[in-house]
Amino acid sequence: MGKHLLIVESPAKAKTIEKYLGKDFTVKSSYGHIRDLDKGDKGVDVDKAFAPSYVITPDKQKVVKELKALVKKSEEVWLATDEDREGEAISWHLCEVLGLDAHTTKRIVFHEITKPAIQKAIQVPRTVDLHLVDAQQARRILDRLVGFELSELLWKKVRGKLSAGRVQSVAVKLIVDRDKEIQKFETSAFWRVLAEFTVLDADGRAAVLKAELPGRLKDPKEARAYLEGALDATFTISDINVSPLKKKPAPPFNTSTLQQEASRKLGFSVQRTMSADQKLYESGHITYMRTDSLNLSSMAIAAMAQEIEKSYGPEYVRTRKFKSKGSNTQEAHEAIRPTYMERRTVTGDRDLQRLYELIWKRSLASQMAEAKLEKTTVTIDVSGNPGQPLQAVGEVLIFDGFLKVYLEGRDDEDEDEAKGILPPLSVGQQLTMEHMTAQERFTRPPARYTEASLVKKMEELGIGRPSTYAPTISKITEPGRGYVVKETREGTPRDYQVLELAKGVITGKTMTENTGAAKNHLFPTDMGILVTEFLDEHFEGIMDYQFTADIEKQFDDIAEGTKAWQTMLEAFYSPFHKQVELTLNEADRASGERILGTDPTSGRTVLTRMSRFGPVVQIGKPEELGEDEKPVYANLNAGQSMTSIELAEALELFKLPKDLGEHEGKPVIIGAGRFGPYVKFGDQFISLARGEDPMSVDMDRAIELITEKQKADAPMTTWKGEPVTRGKGRFGPFVKWKSTYANVPARIDFENLTPEQAIELLEAKVAKEANRYIHQWEKDKISVENGRWGPFIKYKKKNFKLPKGKDGKMTAEEAAELTLEDVKKIINEQEPGSFKKG
């Protein structure tokens, strides 16, 4: 073992760095954070200046033990965690746990994992920056307090098992607000005029010249009048304007722009991008990937210029420096770029290769010459429509410059098509029109957010920082949270009118287009809307975009040492906690109830609201019902929302359940339940495909689904004398044996799953379950289980804490000595009356 122990947070990073240091260094990984706030009592003592209570997470006990042993054997310990606040905090926690002095222990930072960068960092070590640690602690503590208190409030005022977070709730609000903008948007029609002329090209062959009327016509009357004016008109070129154009390259990537561009060009989710670029960084291929800087080092710029000149020639070189717009940007950091520009590709999986290629091209293009174009605008007078000329536009690329390598993508769906080269034309030339169309178009509401455009909006508003975008979006789109869904929706058909002038005759026709289609866009659920409206009403400050951005600025001030973290937390928490108490005592329970109208059959009120099991439509208010009567309920279909469903749609839902008849002597019924529409065949329930309309399912389709289910449920093998079946559920494909379910991971082809693979998955699940239980009393519905934070008691569906053991938290060994009576007593102390006396 080497004399020096250097600790990083990732095993991949450790492996790369170890290659660059001599035999005097041993490089080990902490595998991320080794401590976190205790789950009990929020993990923060508010009355003692927000003192945090940190515990070593159970999954890191072994790592800490190994690191402590290595520290004892080493002459000197070095810390080399990532250069952001999270990395600084990991180093500080390592000092605290391993008995190192944070004021003297050597800490090195670097923007890239290359031999020169590592060796240079070793020459200029520093110590742990406690201001950065304070900023990270302040964020962690504040988010814990806000998350705990708001979540507990939602359990009591909305529904159990809900959660909220300081930044996550604001991100959900962005999506909800956009949804409301779309719902309120009133579409208006307008008309566009397009014309095609036949002219001769440079070789004397017939070519098509396309032109359009700049601006819009407001209604079909104006559109028809324009076409009538063009019936016997002459079309004369009155002006040809030629102007030079220049296009500049985009700056190199920072975290936000990389996430956006990887989404546009590669179809990557934010999480997928961050996972791939983390691997590229740790392998030494790119600079640090969590950055808001656009800065490039002089050495990097020189390397890019050399690569450009070698590959494309000196005329393509145009070096430049970019400056970030944000006032809090750390320009000492660098933009995301390759560590070696001569390395055009990397080894590894396809994601790594594609993302690296994107980074390489964008970085190189940022130091290349501008593209030079020539834009030609031709004005065509129409004699029958004076003052309303048509216009044709063409572009010629004179010098491609950076376009030889890269062109930045755009989110705008109305992006102009590339304009082609125009044929030879001259002022005064008369043109022959082939045909002219006036087409009805419609104004469009703002586009829904994608993951990439949400990151862009959060960055614009100052909500979050480079390191928080991906975790925030992953959190709000988790299926278990139920606030936001990422979906592709087909849209709805819409008619539009077209008028056409050809061969001296004007004709009209109706055509159909698809509108409102969305691919991988973010939609708020009814629960997401309800929770956002509740928090908006009672916590206006926390849900305010500017307020959230100001909190981020205060974290920056703490990191710079200009503000004390306890002072900042006190200023925030005191009024926040009072508002939580006030809301708990005075606010009504939120249900999102909305009256839709009256049921024509019963004369009772039809309303929609949030129930324990999700959004429902209900017939009958309590005051309208008899003593033993209950309201009639129906679940909403996929794509329907409490905020937009109308009475007619709601009444359609009560047509279920629908009896289709019998098949194989058993009744076949179409219904809808908590988990969506289904076919009921005897005692068996078969879910419909996502988006399938239950009202359109006939007996043939039902039999098709029943047959598929019977085939899927047929045993594929047996294990220990019991059948093994397979299927697909809410959480993906699985195999089942007795009452045990084992998920089938993506690496295994479910359609070609072998009996051997199924048994292997079940063996692993059974072994895992065996390690899960310390005690299990099935008859009493009580168990003592191993959890992430140590052993705990589970009674029915509730979790209970174990008392402290001899040396702090009770260990699994100590929990194994508890009897059933001991456990019942602990449950009864925390929830009196759980068991009858005797």
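Just above, that's the structure.
**Topic: the overall build of the protein**
Link 1 in the chain: The helix and strand tally for the protein stands at 21 helices and 34 strands.
Link 2 in the chain: Seen through its C-alpha atoms, the protein measures out along the principal axes to roughly 100 × 80 × 60 Å.
Link 3 in the chain: Counted over contacts in the protein with a minimum sequence separation of 6, partners at least 24 positions apart contribute 67%.
Link 4 in the chain: Measuring between centres, the 125 positive side-chain charges of the protein sit 4 Å from its 129 negative side-chain charges.

**Quick notes on the environment of glutamate 334**
Link 1 in the chain: Inspection of the secondary structure puts glutamate 334 in the loop between helix 10 (298-312) and helix 11 (350-365).
Link 2 in the chain: Assessed through its relative accessible area of 9%, glutamate 334 is described here as buried.
Link 3 in the chain: Placed 222 residues apart in sequence, glutamate 334 and glutamate 112 show a C-alpha to C-alpha distance of 9.4 Å.
Link 4 in the chain: Sequence-distant contacts of glutamate 334, that is, excluding residues within four places in its chain, are made with Thr291, Ser293, Asn295, Leu296, Ser297 and Ala300.

**Things to note about the pairing of strand 30 (residues 740-743)**
Link 1 in the chain: Burial along strand 30 is one-sided: the residues Thr740 and Ala742 are buried and none of Tyr741 and Asn743 is.
Link 2 in the chain: In terms of strand pairing, strand 29 (residues 732-737) meets strand 30 through four bridges, oriented antiparallel. Considered in strand 30, the bridge of phenylalanine 734 is made with asparagine 743.
Link 3 in the chain: Where strand 29 folds back onto strand 30 in an antiparallel hairpin, the turn is made up of two residues, including lysine 738, whose phi is positive at roughly 55°.

**Observations regarding the side chain of threonine 437**
Link 1 in the chain: Mapped onto the secondary structure, threonine 437 falls in strand 14 (residues 430-442).
Link 2 in the chain: The class for threonine 437 is buried, based on a relative accessible area of 14%.
Link 3 in the chain: Apart from residues lying up to four places away in sequence, threonine 437 is in contact with Arg192, Val193, Leu194, Leu499 and Glu500.

**A short note on the sheet that holds strand 1 (residues 4-8)**
Link 1 in the chain: Pairing is parallel in the open sheet, where four strands are placed in the order 2-1-7-8. Both outer strands of the open sheet, strand 2 (25-29) and strand 8 (106-107), are each paired with one neighbouring strand and no more.
Link 2 in the chain: Sheet topology note: the strand 7 (residues 76-79)/strand 8 ladder contains two bridges and is parallel. Its bridge partner being in strand 8, leucine 79 is matched across the sheet by arginine 107.
Link 3 in the chain: Against the sheet, helix 1 (residues 11-20) contacts strand 1 and strand 2, and its axis sits at roughly 165° relative to strand 2.

**Things to note about helix 7 (residues 220-229)**
Link 1 in the chain: Within the sequence span of helix 7, burial applies to Ala223, Tyr226, Leu227 and Gly229. Viewed end-on, helix 7 has its buried residues packed into an arc of 160°, placing them on one side of the element.

**Observations concerning the packing of helix 12 (residues 451-461) against helix 13 (residues 469-476)**
Link 1 in the chain: With their axes 11 Å apart at the nearest point, helix 12 and helix 13 run at an angle of 125° to one another. Taken as axis vectors, helix 12 and helix 13 run oblique relative to one another. For helix 12 against helix 13, the interelement crossing comes out right-handed. Residue-level contacts link Glu451, Leu454, Val455, Met458 and Glu459 of helix 12 to Tyr469, Thr472, Ile473 and Ile476 of helix 13.

**Let's talk about the packing of aromatic side chains**
Link 1 in the chain: On inspection of all chains with the given rule, the structure shows 15 aromatic pairs.
Link 2 in the chain: Measuring from centroid to centroid gives 5.3 Å for phenylalanine 197 and phenylalanine 235, while their planes differ by 65°, and the two rings are edge-to-face. Of this pair, phenylalanine 197 sits in strand 9 (residues 189-200) while phenylalanine 235 sits in strand 11 (residues 235-247); the two residues are 38 residues apart in sequence, bridging distant segments of the chain.
Link 3 in the chain: Of the residues examined, phenylalanine 235 reaches a relative accessible area of 5% and is grouped as buried.
Link 4 in the chain: Centroid distance tyrosine 573 to phenylalanine 576: 6.3 Å. Interplanar angle 55°. Geometry classified as tilted. Residue tyrosine 573 and its partner phenylalanine 576 are both found in helix 16 (residues 565-586); the two are separated by three residues, about one turn of the helix.
Link 5 in the chain: These aromatic residues form a ring-pair network of at least three members: Phe50, Phe539, Phe547, Phe572, Tyr573 and Phe576.
Link 6 in the chain: Sitting over the face of the ring of phenylalanine 835, lysine 824 holds its NZ or CZ atom 5.3 Å from the ring centroid.

**Quick look at the nonpolar core**
Link 1 in the chain: Ranked by internal contacts, the top residues of the largest apolar core, which has 147 residues, are Leu6, Phe110 and Leu355.
Link 2 in the chain: The element that contributes the greatest number of residues to this core is helix 5 (residues 130-157), accounting for eleven residues.
Link 3 in the chain: Beyond its immediate stretch of four places on either side in the chain, leucine 355 contacts Leu258, Ala262, Leu266, Phe268, Thr273, Ala276, Asp277 and Leu280.
Link 4 in the chain: In terms of nonpolar packing, the next biggest core, distinct from the first, is built from 31 residues, Ala207, Leu390, Ala392 and Ile506 among them.

**A word on empty space enclosed by the protein**
Link 1 in the chain: Per the counting criterion, the structure on display carries one cavity of 30 Å³ or more.
Link 2 in the chain: Together, 14 residues line the largest cavity, and Ser163, Ser169, Val172, Tyr483 and Val531 are the ones closest to its centre.
Link 3 in the chain: Breaking the lining of the largest cavity down by element, the ones donating at least two residues are helix 6 (166-184) and helix 14 (526-538).
Link 4 in the chain: Broken down by element, the lining of the largest cavity gets its largest block of residues, four residues, from helix 14.
Link 5 in the chain: Here the lining of the largest cavity is built from residues that sort into seven nonpolar, six polar and one charged.

**Some thoughts on the sheet that holds strand 31 (residues 773-777)**
Link 1 in the chain: Taken in spatial order, the four strands make up an open sheet running 31-32-33-34, and their pairing is antiparallel. Either end of the sheet is taken by a strand with one partner, and the two such strands are strand 31 and strand 34 (798-800). Across the sheet, the mean angle from the axis of one strand to that of its neighbour is 20°, orientation sign disregarded.
Link 2 in the chain: When strand 31 meets strand 32 (residues 782-785), the two strands line up antiparallel, connected through four bridges. Of the residues in strand 32, the one forming a bridge with tyrosine 773 is glutamate 785.
Link 3 in the chain: Helix 19 (residues 755-772) rests against strand 31, strand 32 and strand 33 (792-795) of the sheet, and its axis sits at about 85° to strand 31.
Link 4 in the chain: This element, helix 21 (residues 820-830), spans strand 31, strand 32, strand 33 and strand 34 of the sheet and lies at about 95° to strand 32.

**Brief notes about the side chain of serine 29**
Link 1 in the chain: Note that serine 29 resides in strand 2.
Link 2 in the chain: You can call serine 29 buried: its relative accessible area is 10%.
Link 3 in the chain: Within the structure, serine 29 has its side chain in polar contact with the backbone nitrogen of serine 10 (distance 3.4 Å).
Link 4 in the chain: Here tyrosine 31 takes part through its backbone nitrogen, which lies 2.9 Å from a polar atom of the side chain of serine 29.
Link 5 in the chain: Beyond its immediate chain neighbours, meaning those up to four positions away, serine 29 contacts Val8, Glu9, Ser10, Pro11, Val63 and Leu67.

Cut-offs and rules
- Residues numbered from 1 in each chain as written.
- Predicted model: local features only at pLDDT ≥ 70, side-chain atom pairs only at ≥ 80, totals over all residues.
- Heavy atoms only, no water.
- Helix = DSSP H or I, 4+ residues; strand = E, 2+ residues; numbered from the N terminus.
- Contact = heavy atoms within 4.5 Å.
- Lys, Arg positive; Asp, Glu negative; His and termini not counted.
- Charge placed at Lys NZ, Arg CZ, Asp CG, Glu CD.
- Buried < 20%, exposed > 50% of the residue type's maximum accessible area, 1.4 Å probe, protein only.
- Pairing = 2+ DSSP bridges.
- Axes fitted to C-alpha atoms, helices over the stretch in contact; angles between N-to-C directions.
- Arc of directions from axis to C-beta.
- Parallel < 35°, antiparallel > 145°, perpendicular 65-115°, else oblique.
- Left-handed = near helix turned anticlockwise from the far one by under 90°.
- Phe/Tyr/Trp six-rings, centres within 6.5 Å; stacked < 30°, edge-to-face > 60°.
- Lys NZ or Arg CZ within 6 Å of the ring centre and 35° of its normal.
- Core = buried A, V, L, I, M, F, W, Y, C linked by side-chain atoms within 4.5 Å.
- 1 Å grid on protein atoms, 1.4 Å probe; cavity = no way out; pocket = protein on both sides within 12 Å on 5 of 7 lines; lining within 4 Å.
- Points joined across faces, edges and corners; volume = space filled by probe spheres on them.
- Nonpolar A, V, L, I, M, F, W, Y, C, P; charged D, E, K, R; others polar.
- Polar contact = N/O pair within 3.5 Å; in protein donor to acceptor, adjacent residues only side chain to side chain.

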